[in-house]
Amino acid sequence: MQFTDFPTVESIANPHLKTLESESIFVLREVAAQFERPILLFSGGKDSIVLAHLARRAFFPGRIPFPLLHIDTGHNFPETLTFRDALAQRLDVQLIVRYVQDSIDQGRVVEETGPTASRNALQTVTLLDALKELRIDAAIGGARRDEEKARAKERFFSHRDRFGQWDPKNQRPELWNLYNGRKQPGEHFRIFPISNWTELDIWQYIAHHNIELPSLYFSHERAVLERDGMMLAVSEVVYPLPGETVETRRVRFRTIGDMTCTGAMESSAATVEEIIQEIAAARVTERGSRADDRRSEAAMEERKRLGYF
């Protein structure tokens, strides 16, 4: 991420991106004004990286006034963790990490078994425990409404009850740019400043600001296997089952998450400009490559009701 040459909001030539950026910055400033202990949920993916960039712009020349929180499943791509640590250092912001493995060791969750086992859903308990421990009243996330139909039901300020649960049928109206952050003790909000952005918007913004990303997003050769119509990266937690073969292919990832459920796509797109062209012609959403979203028709909504991101 380039911090030495810091452009103003007015430098964005694309009026659509300028409007989106201004809206997101307004939401971030509202969070700082209305809440006492906000935190930015950081996954290491492109959306949370753009969100961190927006937070820096929102409060420049001061520091970002809240820490980053990463829930580490223990099955993250090594490239993601390396990038996460380097970014936190460049931003000069506190990075807090909580581990799903600790939740397993404490008996808070039970690890799945079998060839399709994943820790992705287990993150919910680790996240809720972290929010309670840190007394967080607003958790800022990089979700977008175009990702998945359950995401489309969210507000910018999404209320969570004292159990961390979300009720999609009982949300507060958001008229114009008025956001209601009132809550009872023990409750908190999830804040989604880039709700109105699309995947293409994110990439165009990345291109405009020359924002650095993990190498996983760009075409590279990787050992993969096919399983249930997906290409998974071979690793210590994803290994071939009887009848499966490992091949080296030129792939990239549209979304980054737990290695056990994040699928790759064959691609030769090695630059941001080539990725933009590829996305503009795509007919499958980026979360179409996530195995965790395929478990049921309402997989995401079920997890969000329980406190997922």
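Up top you'll find the structure we're talking about.
Residues numbered from 1 in each chain as written. Predicted model: local features only at pLDDT ≥ 70, side-chain atom pairs only at ≥ 80, totals over all residues. Heavy atoms only, no water.

Asker: Help me understand the pairing of strand β1 (residues 38–41) in this model?
Answerer: The two faces of a sheet get side chains in turn, since along a regular strand they alternate between them. Alternating positions in β1 separate into two faces, P38 and L40 on one and I39 and L41 on the other, with burial throughout. Both β1 and strand β4 (residues 138–140) contribute to a ladder of three bridges, which runs parallel. Pairing of P38 across the sheet is with A138, part of β4. Two strands pair when backbone bridges link them, and β1 and strand β2 (residues 68–72) are joined in this way by two bridges, in the parallel orientation. (Buried < 20%, exposed > 50% of the residue type's maximum accessible area, 1.4 Å probe, protein only. Helix = DSSP H or I, 4+ residues; strand = E, 2+ residues; numbered from the N terminus. Pairing = 2+ DSSP bridges.)

Asker: Any chance you could explain the sheet that holds β2 here in plain terms?
Answerer: Strand order in the open sheet formed by six strands is β3-β2-β1-β4-β6-β5, and the pairing between neighbours is mixed. At either end of the open sheet lies a strand with only one pairing partner, and these are β3 (95–99) and β5 (157–160). Each strand of the sheet is rotated relative to its neighbour by a mean of 30°, with strand direction disregarded. Packed on one face of the sheet, helix α5 (residues 123–134) meets β1, β2, β3, β4 and β6 (188–191) and runs near 145° to β2. (Axes fitted to C-alpha atoms, helices over the stretch in contact; angles between N-to-C directions. Contact = heavy atoms within 4.5 Å.)

Asker: Can you walk me through the side chain of R222 in this structure?
Answerer: Mapped onto the elements of the fold, R222 is located in strand β7 (residues 220–227). When residues no more than four places from it in sequence are discounted, the contact partners of R222 are F77, E79, L216, A233, E247, T248, R249, V251 and F253.

Asker: Before we go on, may I ask you to explain the sheet that holds strand β9 (residues 247–252) in this structure?
Answerer: Neighbouring strands of a sheet are bound in pairs by backbone hydrogen bonds; such pairs are parallel or else antiparallel. The strand order around the closed barrel built from four strands is β7-β8-β10-β9, with neighbouring strands paired in antiparallel fashion. Ignoring which end each strand starts from, the neighbouring axes of this sheet average 70° apart. In terms of strand pairing, β7 meets β9 through five bridges, oriented antiparallel. Bridge pairing in β9 places A223 opposite T248.

Asker: Teacher, can you tell me more about the packing of aromatic side chains here?
Answerer: Centre-to-centre distance and the angle between the planes together describe a pair of aromatic rings. Under the counting rule described, the total for this entry stands at eleven aromatic pairs. Site record: aromatic cluster; members linked through ring pairs are F26, F35, F156, F157, Y179 and F189. Directly above the ring of F156 sits R145, whose terminal nitrogen or CZ lies 5.0 Å from the centroid. (Phe/Tyr/Trp six-rings, centres within 6.5 Å; stacked < 30°, edge-to-face > 60°. Lys NZ or Arg CZ within 6 Å of the ring centre and 35° of its normal.)

Asker: Any chance you could explain the pattern of salt bridges here in plain terms?
Answerer: When the charged atoms of two side chains with opposite charge come close together, those side chains can pair. This structure, assessed with the given rule, holds 17 salt bridges. With a closest N to O distance of 2.9 Å, R84 and D85 form a salt bridge. For D146, the salt bridge goes to R144, with nearest N and O atoms at 2.8 Å. When its relative accessible area of 34% is taken as the criterion, D146 is described as partly exposed. (Salt bridge = Lys/Arg side-chain N within 4 Å of Asp/Glu carboxyl O.)

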